[in-house]
Amino acid sequence: MPITVKPAGVVMVLKSPDMERNEAFYWDLVQKQQSGRLAAEEETILNAWLNENSGHRELYDQFLSILRNTGSYDRLPEQDVEAAWAELEDRLTAAERRKEIPEYRLDRYLLYRRLLRYAAAIILVPTTLYLIYLNRQSRLPTEPSLREMQVARTGPAENNLVILSDGSQAWVNQNSSLMYAAAFEDDNRTVYLSGEAFFEVRKDPGRPFIVLCGDTRTEVTGTSFHLRGYDSEERVILNVTSGSVSFSLINQPDIRLNALVADERGEYLKGDPRLTRQLNDDPNFLAWHTRTLRFDNQTLGHILPRLGEYFHLEIALKNPDIARCRFTGRFAQPTVDEVMELIARTTGLEYEISEDILVVSGHGCNEP
Amino acid sequence: VDIDHSQPLDEAYFERLFREQYHLLCRTAYRLLRDADSSRDIVQDVFARLWKNRHQITVRGPYAAYLYRATIHQSLNYLKSSARTLNRERRYAESTERPLSGSRNTPDAHLEVSELEQTLHRAIDLLSPACREVFILSRFEEMPYKEIAQTLGVSVNTVEKHMVKALASLRAALKNR
């Protein structure tokens, strides 16, 4: 997921209401004004701002210019609706005949269709064709054929269970995608992950289960593990929960951790050609899946960022000493208020949530 | 266009929706993708899914609004998932196709667009992906920042920061002409 949480201990300065009114705020007003959606009180604010100084007027003129000269950004030539409808009808009837439309289609498939469309043009230049051929050849060993792949994709705050053809299960966390074959091959079970997932793999010693994620390759025969490798994050993290797992780099197979076992963690820092093995000391790494949270005498500096990630909130502390308070508690399927009320009561703090920001205030604690 | 959407979608209505909304939805996808072919594919997908799932999904509000939201989401997902794997191939495809099929990737070429408009279009194209998405959702979809934040899965704060950056870039483009 995109990290919306500040690292532990960082204290954010809250914005005063005045600072809220940045350029984005006035852009929104100007836009509403131009499309006749401006409320009376907003008009007052806008006019007051315009009368404040000539700099604001200049900004206003620039906003108008941007609005007026970007309207053509999305102009497309007239589309052939008839041809498009015919294509859709074909596709739906074909699917009905096959009694299924793949739930998720492949981006690669879109590209493939587009390439087909331009094939006529491409064929005119044999060298181009040759290059594409080479390009495809070079991809063959690692990428399976286009047709049999499926993709399960999740949006923000969404997670899904995918049952693979061998009976293995993958819980895919938010903003992730998992690409897998509708039916695995005979000698291996390979899936492609971008984002975060928890796998419970059926035992099948003759057919290794392989997850390719970023630069990393995770191989098991039958076990459960958690893998997190978002494009937006600098690390790929593997947490083993049972069995034994091998973790390596795709392009440097000799860089590998063999036999990671339960409660061990393998970590890869993108760009740094090594893997590290450590103990998994975070009881909440699977909170998104188990819907449970557990804190054992940890500081709020540690706890609050985790709550922020779990509940999709930003965290703001009004006083840095708040981060030093400690808290112990366990929660099953909690709401943010259930957690925060207990924390507030036991530490003498107060909290409120507005605009997706969890604001914590109070004296805080002095103990180191 | 008003419909009783407690009724399941029938074939005639589905076809009418397609004919009415197709071009607008292509444009919606096109703003984000800047590629006419991918945009058409996305819209085809959105309709195919609606048809396939017509008995399962409950559409709140008019179908057109649902189609519109789905197109935006699909386009954003497409941008996100294709950022790594596809861009390489797309760049490759474009560099080889361009000499043959002309300027299909410079859409302004066929249309009557002023120099100032072209400058701004280019400035929008050159925004960082996050800034561009925020700007487009605000400028064209007229979404409030809170809704943009929900759509993109980031905080309102972040959205505003991206918006300020986007505006600064576009204002610079105005000045530097």
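Up top is the structure these notes are about.
The following refers to the structure shown. Computed from a prediction, not measured in an experiment: that's the story for all the values here.

Once that is clear, we can look at the overall build of chain A. Along the backbone of chain A there are 11 helices and 18 strands. Taking all 368 residues of chain A together, 47% fall into the buried category. Look at the contacts in chain A between residues 6 or more apart in sequence, and 50% of them connect residues 24 or more apart. Of the roughly 18,700 Å² of accessible surface on chain A, a fraction of 51% belongs to carbon and sulfur atoms.

Our focus in this paragraph is the sheet that holds strand 15 (residues 314-317) of chain A. Strand-to-strand pairing in sheets goes through backbone hydrogen bonds, with the strands running parallel or antiparallel. Residues and elements named next belong to chain A. Reading across from one edge, 15-18-17 is the order of the three strands in this open sheet, with mixed pairing throughout. Bordering the open sheet on either side are strand 15 and strand 17 (350-354), each of which pairs with just one other strand. This sheet shows a mean twist of 20° between the axes of neighbouring strands, independent of strand direction. Bridge count between strand 17 and strand 18 (residues 357-361): five bridges; the pairing is antiparallel. Its bridge partner lying in strand 18, Glu 352 is registered against Val 359. Where helix 11 (residues 336-347) meets the sheet, it contacts strand 17 and strand 18, and its direction lies at approximately 155° from that of strand 17.

This part is about the side chain of Glu 267 of chain A. Residue and element names in this part refer to chain A. Within the element layout of this structure, Glu 267 appears in strand 12 (residues 264-269). In terms of polar contacts, Glu 267 uses its side chain to reach the side chain of Arg 235, at 2.8 Å. Filtering out sequence-adjacent residues up to four positions away, Glu 267 remains in contact with Arg 235, Val 236, Ile 237, Phe 247, Arg 274, Leu 275, Thr 276 and Gln 278.

Bringing the packing of aromatic side chains into the picture now. A full pass over the atoms with the stated rule returns 18 aromatic pairs over all chains. With a centroid separation of 6.0 Å and 55° between ring planes, the pair formed by Trp 85 of chain A and Phe 14 of chain B is classed as tilted. With Trp 85 of chain A in helix 5 (residues 81-98) and Phe 14 of chain B in helix 1 (residues 11-33), the pair connects residues from two separate chains. What makes Trp 85 of chain A buried here is its relative accessible area of 8%. Ring geometry for Trp 171 of chain A versus Phe 198 of chain A: centroids 6.1 Å apart, planes at 35°, classification tilted. Here Trp 171 of chain A, found in strand 3 (residues 169-172), pairs with Phe 198 of chain A, found in strand 5 (residues 189-200); they are 27 residues apart in sequence, far enough to count as distant.

Residues and elements named next belong to chain A. Burial along strand 15 is two-sided: Glu 314 and Ala 316 and Ile 315 and Leu 317, pointing in opposite directions, are all buried. With four bridges connecting them, strand 15 and strand 18 associate as parallel partners. Counterpart to Glu 314 in the pairing with strand 18 is Ile 357.

The next subject is the packing of helix 4 (residues 54-69) of chain A against helix 7 (residues 156-175) of chain B. Relative orientation of the contacting elements helix 4 of chain A and helix 7 of chain B amounts to 90°, with a least axis distance of 10 Å. Between helix 4 of chain A and helix 7 of chain B, the interaxial angle falls into the category roughly perpendicular. Packed against helix 4 of chain A, whose contacting residues are Glu 58, Leu 59, Gln 62, Phe 63, Ser 65 and Ile 66 of chain A, the element helix 7 of chain B presents Leu 167, Leu 170, Arg 171, Leu 174 and Lys 175 of chain B at the interface. Taken together, the residues of the contact of helix 4 of chain A with helix 7 of chain B break down into six nonpolar, two polar and three charged.

A separate point is a negative patch on the surface. Negative charge collects at one region of the surface, where Glu 89 and Asp 90 of chain A together with Asp 10 and Glu 11 of chain B lie side by side. Looking at the secondary structure, you find Glu 89 of chain A in helix 5. Judged by its relative accessible area of 39%, Glu 89 of chain A falls in the partly exposed class.

What follows deals with the side chain of Arg 139 of chain B. Structurally, Arg 139 of chain B is set in helix 5 (residues 129-139). Look at Arg 139 of chain B: it is buried, it has no salt bridge, and the nearest opposite charge is Glu 142 of chain B at 5.6 Å. When sequence neighbours within four positions are dropped, the list of residues in contact with Arg 139 of chain B reads Trp 27, Gln 31, Leu 67, Thr 70 and Gly 71 of chain A.

This part is about the environment of Asp 74 of chain A. Within the secondary structure layout, Asp 74 of chain A lies in the loop between helix 4 and helix 5. Assessed through its relative accessible area of 2%, Asp 74 of chain A is described here as buried. Apart from the residues within four sequence positions on either side, Asp 74 of chain A is in contact with Arg 27, Tyr 30, Arg 31 and Phe 140 of chain B.

Calculation criteria
Going along each chain's sequence as written, the residues are numbered from 1 onward. Whichever chain is written first is A, and whichever ligand is written first is 1; the rest continue in order. Two thresholds apply to this predicted model, a pLDDT of at least 70 for residue-level local features and 80 or more for giving and counting side-chain atom pairs, whereas whole-chain, interface and lining totals are computed over all residues. Only hydrogens and water are set aside when side-chain values are computed; all heavy atoms of the structure are taken into account. Segments assigned H or I by DSSP are reported as helices when at least four residues long, segments assigned E as strands when at least two residues long, and all are numbered from the N terminus. Relative accessible area decides the class of each residue, using a 1.4 Å probe on protein chains only: under 20% of the type maximum gives buried, over 50% gives exposed, and in between gives partly exposed. Contact criterion: two residues are considered in contact whenever any of their non-hydrogen atoms come within 4.5 Å of each other. With residues, only the protein chains shown are counted as cover, and all accessible areas are computed by Shrake-Rupley using a 1.4 Å probe. A pair of strands is considered paired only if DSSP assigns at least 2 bridges between the two. To get an axis, a line is fitted to the C-alpha atoms, and for a helix only the part in contact is used. The angle between two axes follows their N-to-C directions and goes from 0 to 180 degrees. Polar contact is defined as a pair of N or O atoms within 3.5 Å, subject to the rule that within protein one atom must be able to donate a hydrogen and the other to accept it, and that residues adjacent in sequence are counted only when both atoms are side-chain atoms. Here is the rule: rings of Phe, Tyr and Trp (six-membered ring for Trp) pair when centre to centre is within 6.5 Å. Planes less than 30 degrees apart are stacked, more than 60 are edge-to-face, and the remainder are tilted. These descriptions rest on fixed angle ranges, namely under 35 degrees for roughly parallel, over 145 for roughly antiparallel, 65 to 115 for roughly perpendicular, and the rest for oblique. Each residue is assigned to one of three groups, with Ala, Val, Leu, Ile, Met, Phe, Trp, Tyr, Cys and Pro labelled nonpolar, Asp, Glu, Lys and Arg labelled charged, and all others, Gly among them, labelled polar. Patch membership is restricted to residues that have no salt bridge and whose relative accessible area is over 30%. Joining uses 9 Å for like charges and 5 Å for the nonpolar side chains Val, Leu, Ile, Met, Phe, Trp and Tyr. Note on definitions: salt bridges are taken to be side-chain nitrogens of Lys or Arg within 4 Å of carboxyl oxygens of Asp or Glu. In this tally Asp and Glu are treated as negative and Lys and Arg as positive; neither His nor the chain ends contributes. Taken as the charge location is NZ of Lys, CZ of Arg, CG of Asp or CD of Glu.

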